[in-house]
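Spelled out from the first residue to the last, the chains are:
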Amino acid sequence: MTDVRKQLRKLVREVRHRAYVPYSKRPEAVVLLLSDGSWIPGVRVESASFSLTIPPLQNAWTTAVALGRRDVVAVVFSEPPDAGTRAFFGGAGIIANGRIGGSFCASSY
């Protein structure tokens, strides 16, 4: 699992630069690892209307759902997840019987 974590952390650093953050100047990214080894990136996308800002997990999760994929086995963040993101995990059922540690989450999918 350590090699997978390293690879995911490298991926999240690589996709982080794709974030569109002209207001906060704080790029954030997420990478979802799926059960077949494929991955889905998500980045923060800001709008002049703050309420329309898309957080990175929401970006990645909606892409996964649009692809018909809910088999998330791990998530890695460029920044440790905040309380809202952790609440999203519970509400969306992304991490069942999983744990959150720093910037990495594992699932028992």
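Our structure's up above, just so we're on the same page.
Residues numbered from 1 in each chain as written. Predicted model: local features only at pLDDT ≥ 70, side-chain atom pairs only at ≥ 80, totals over all residues. Heavy atoms only, no water.

(A) Highlighting the overall build of the protein. A count of helical and extended segments in the protein gives 3 helices and 5 strands. Long-range contacts, defined as pairs at least 24 residues apart, comprise 54% of the intrachain contacts of the protein with a sequence gap of at least 6. Of the roughly 6,200 Å² of accessible surface on the protein, 53% is carried by carbon and sulfur atoms. (Helix = DSSP H or I, 4+ residues; strand = E, 2+ residues; numbered from the N terminus. Contact = heavy atoms within 4.5 Å. Areas by Shrake-Rupley, 256 points an atom, 1.4 Å probe, with all protein chains shown as cover.)

(B) Region of interest: helix α2 (residues 56-66). All buried positions along α2 are accounted for by P56, L57, N59, A60, W61 and A64. G68 occupies a position one or two residues after α2 and carries a positive phi of about 75 degrees. (Buried < 20%, exposed > 50% of the residue type's maximum accessible area, 1.4 Å probe, protein only.)

(C) Local environment of the pattern of salt bridges. The final tally for this structure, using the stated rule, is 6 salt bridges. Across the pair D36 and R69 runs a salt bridge whose closest N-O atoms are separated by 3.2 Å. One end of the pair, D36, is in the loop between β1 (29-34) and β2 (39-43); the other, R69, is in the loop between α2 and β3 (72-77), and 33 residues separate them in sequence. Its relative accessible area of 53% is what places D36 among the exposed residues. Here R44 makes a salt bridge to E46, at a shortest N to O gap of 2.9 Å. Within the structure, one salt-bridge network assembled from shared partners comprises D36, R69 and D71. (Salt bridge = Lys/Arg side-chain N within 4 Å of Asp/Glu carboxyl O.)

(D) Fine view of the pairing of β3. With 5 of 6 residues buried, β3 lies mostly within the body of the structure. When β1 meets β3, the two strands line up antiparallel, connected through 5 bridges. Bridge pairing in β3 places V31 opposite V76. (Pairing = 2+ DSSP bridges.)

(E) Molecular detail of unusual backbone geometry. Of note, the phi angle at K25 is positive, near 60 degrees, even though the residue is not glycine. Residue placement: K25 occurs in the loop between α1 (2-16) and β1. Owing to a relative accessible area of 60%, K25 belongs among the exposed residues under this scheme.

(F) Region of interest: the side chain of R44. The residue R44 is located in the loop between β2 and α2 in this model. The exposure class assigned to R44 is buried, which follows from its relative accessible area of 13%. Of note is the side chain of R44, whose polar atom sits 2.9 Å from the side chain of E46. Contact partners of R44, with chain neighbours within four places excluded, come to A19, Y20, V21, S24, R26, E28, F50, T53, I54, P55 and P56. (Polar contact = N/O pair within 3.5 Å; in protein donor to acceptor, adjacent residues only side chain to side chain.)

(G) The arrangement of the pairing of β1 in detail. A large share of β1 lies buried, amounting to 6 of its 6 residues. Here β1 shows no split at all, with A29, V31 and L33 on one side and V30, L32 and L34 on the other all buried. As paired elements, β1 and β2 share 5 bridges and run antiparallel to each other. Among the inter-strand pairings, L32 is bridged to a residue of β2, identified as I40. With antiparallel pairing between neighbouring strands as the criterion, β1 and β2 make up a hairpin whose turn holds 4 residues, including G37 at a positive phi of roughly 95 degrees.

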